[in-house]
Amino acid sequence: MMDTPLLSICIPSYNRPEELYRLLKSIDIKANDKVEIVICEDYAPRREEVRQQVNKFKLESNYKICYHENEKLGGGGYDRNLRQCIRQASGKWIMFMGDDDMFVSDTMDDYLLFLEKHPQLGYVLRSYQAIHMDGQVEQFKYYEDTRFFEPGFQAYVELFRKSVFVSGFACQRKYAVGSLTDRFDGSLLYQLYIMAEICMVHPSAYYGIPITQSIDGGIPYFGSSDAEKDLYTPGTVTVDNSINFMKNFFVITSFLDQKYKIHSTEYIQRDISKYAYPVLSIQRKKGRKVFFQYHRRLKELGIAITLYYYIYFVALFLFNEKICDGIIRGLKKILGKTPKL
């Protein structure tokens, strides 16, 4: 076993014992001496069940496993738990994983070789895939192949929106430690702040082979902690939930604009607008009236500013998210990647 693991797989856990076990079983790294698994349980009602599943996995595997239970009653919240994972980890690199997501089989050993080959990097954006309720697989590939970025403004704004999905988010731990702050607690986007700080001063990369996957159908627990209770409603995704989530993108970018004397917010607003389909479609199920009101609130946030946004809005308004989802997935399958708009 290496004294310092190459990679710490960091899992912030909350109330999903079965899903957590499913994630752990999906870890199929042959070079298991290069990794450790760090699980931080955030005082959820099903803590005892989570502990049992972790202990079960310990008996079944040869991985080094660090299991930590947070002491704050009611949980400290998602962003705080990400920081706890960073503190508990000992690897050169850390990789966040949502406890209801999974790894793609037979991909991680090559990924570890990539990290070893490029020690100069501070952050690596992953491609990933989504497994939908109907069994269809949607690929999220942002470039034709692996790509490298010089440090600075362009890397930060280019990778910001693409780094929202947390599973597979990887950076060097020593740089993440330098970005520990409670300033963005409740945002559910703390990893974006870490990414931005690292990419401003260190080289970064995009890894072109999907290594993680999201699984549709999970219950969202955001809003269960004190830091989140005024922003999110657990168990559902309300319009207010979506609006508060989007607002926090610009809380982070505004802070960075002031710190570095740059103008990233307007750039990122436009980038989000061009790729706003998932932002819009998440509220289409509630009917046209609610959907139109949601659109008006997004407009107030400065997101409704591109032709692409209005194409998505009109298509979703006239039809529904199921039809539009099928069209979007079909286009991506034909192109082999997310189109550059």
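Since this is a predicted model, take the numbers as computed values, not measurements.

**Q** Can you tell me about the environment of Ser13, naming the residues and giving the values?
**A** Along the chain, the position of Ser13 falls in strand 1 (residues 7–13). Of the residues examined, Ser13 reaches a relative accessible area of 0% and is grouped as buried. Taking C-alpha positions, Ser13 is 17 Å from Lys64, a pair spaced 51 residues apart along the chain.

**Q** Help me get a handle on the nonpolar core, residues and values and all.
**A** Membership of the largest hydrophobic core comes to 69 residues, with the highest contact counts inside it found for Phe96, Tyr123, Tyr156, Ile194 and Leu298. It is helix 7 (residues 190–201) that provides the largest number of residues to this core, a total of 9 residues. Not counting residues up to four positions away in its chain, the partners in contact with Tyr156 are Met195, Ala196, Cys199, Met200, Thr253, Leu256, Ile262, Ser264 and Ile268. Core analysis: the second largest hydrophobic core is formed by 35 residues, Ile9, Ile37, Met95 and Phe103 among them.

**Q** So what's going on with the pattern of salt bridges? Residues and values would help.
**A** Scanning the entire structure with this criterion turns up 20 salt bridges. In this structure, Arg329 engages Asp134 in a salt bridge whose closest nitrogen and oxygen atoms are separated by 3.5 Å. With Arg329 in helix 13 (residues 321–335) and Asp134 in the loop between strand 6 (123–131) and strand 7 (137–140), this pair connects stretches of sequence that are 195 residues apart. Between Asp325 and Arg329 there is a salt bridge, with its nearest N and O atoms 3.9 Å apart. Note that Asp325 and Arg329 are positioned in helix 13 at a spacing of 4 residues, about one turn of the helix. Connected through salt bridges with shared partners, the residues Glu41, Arg47, Glu48, Arg51 and Glu69 form a single ionic network.

**Q** How would you sum up the side chain of Asn248? Please name residues and give values.
**A** The topology assignment puts Asn248 in helix 8 (residues 239–260). Under the relative-accessibility criterion, Asn248 is labelled buried at 12%. Setting aside residues no more than four positions away along its own chain, Asn248 makes contact with Gly186, Ser187, Leu189, Leu231 and Tyr232.

**Q** I'd like to hear about the environment of Lys117, residue by residue, with values.
**A** Looking at the element boundaries, Lys117 is found in helix 4 (residues 108–117). Look at Lys117 and you get exposed, because its relative accessible area is 65%. Separated by 62 residues in the primary sequence, Lys117 and Asn55 place their C-alpha atoms 34 Å from one another.

**Q** Kindly report on helix 3 (residues 78–88), identifying the contributing residues and their values.
**A** Since there are 3.6 residues in each turn of an α-helix, residues three or four apart along the chain are aligned in direction. Across the 11 residues of helix 3, 8 count as buried, placing the element largely inside the fold. When we look at burial in helix 3, the residues that qualify are Tyr78, Asp79, Asn81, Leu82, Arg83, Gln84, Cys85 and Ile86. Each element contacted by the buried residues of helix 3 is listed here: strand 1, strand 2 (35–41), strand 3 (64–69), strand 4 (93–96), helix 6 (173–177) and helix 7.

**Q** Can you break down the pairing of strand 7 residue by residue, with the values?
**A** Side chains of strand 7 alternate between two faces, with Glu138 and Phe140 buried and Val137 and Gln139 left unburied. By the bridge criterion, 4 bridges tie strand 6 to strand 7 in an arrangement that is antiparallel. Looking at strand 7, one finds that Tyr128 is bridged to Phe140. If you look at the hairpin formed by strand 6 and strand 7, you'll find 5 residues sitting between the two strands, and Gly135 has a positive phi there, around 90 degrees.

**Q** Just give me the short version of a nonpolar patch on the surface, but keep the residues and values in it.
**A** Side chains of Val314, Leu318, Phe319, Ile323, Ile327 and Leu331 sit close together on the surface and give an oily, nonpolar patch of about 560 Å² of accessible area. It is helix 13 that provides the largest number of residues to the nonpolar patch, a total of 3 residues. Its place among the elements puts Val314 in helix 12 (residues 307–318).

**Q** Could you give me a rundown of the packing of helix 5 (residues 153–160) against helix 7, with the residues and numbers involved?
**A** Between helix 5 and helix 7, the shortest axis-to-axis distance is 8 Å and the interhelical angle comes to 155 degrees. Judged by the angle between their axes, helix 5 and helix 7 are roughly antiparallel. Viewed along their axes, helix 5 and helix 7 form a crossing whose handedness is right-handed. The segment helix 5 lies against helix 7, with Phe153, Ala155, Tyr156, Leu159 and Phe160 engaging Leu192, Met195, Ala196, Cys199 and Met200. A class-by-class count of the residues in the contact of helix 5 with helix 7 yields 10 nonpolar, no polar and no charged.

Reading the values: the criteria
Residues numbered from 1 in each chain as written. Predicted model: local features only at pLDDT ≥ 70, side-chain atom pairs only at ≥ 80, totals over all residues. Heavy atoms only, no water. Helix = DSSP H or I, 4+ residues; strand = E, 2+ residues; numbered from the N terminus. Buried < 20%, exposed > 50% of the residue type's maximum accessible area, 1.4 Å probe, protein only. Core = buried A, V, L, I, M, F, W, Y, C linked by side-chain atoms within 4.5 Å. Contact = heavy atoms within 4.5 Å. Salt bridge = Lys/Arg side-chain N within 4 Å of Asp/Glu carboxyl O. Pairing = 2+ DSSP bridges. Patch = residues over 30% accessible without salt bridge, like charges linked within 9 Å, V, L, I, M, F, W, Y side chains within 5 Å. Areas by Shrake-Rupley, 256 points an atom, 1.4 Å probe, with all protein chains shown as cover. Axes fitted to C-alpha atoms, helices over the stretch in contact; angles between N-to-C directions. Parallel < 35°, antiparallel > 145°, perpendicular 65-115°, else oblique. Left-handed = near helix turned anticlockwise from the far one by under 90°. Nonpolar A, V, L, I, M, F, W, Y, C, P; charged D, E, K, R; others polar.

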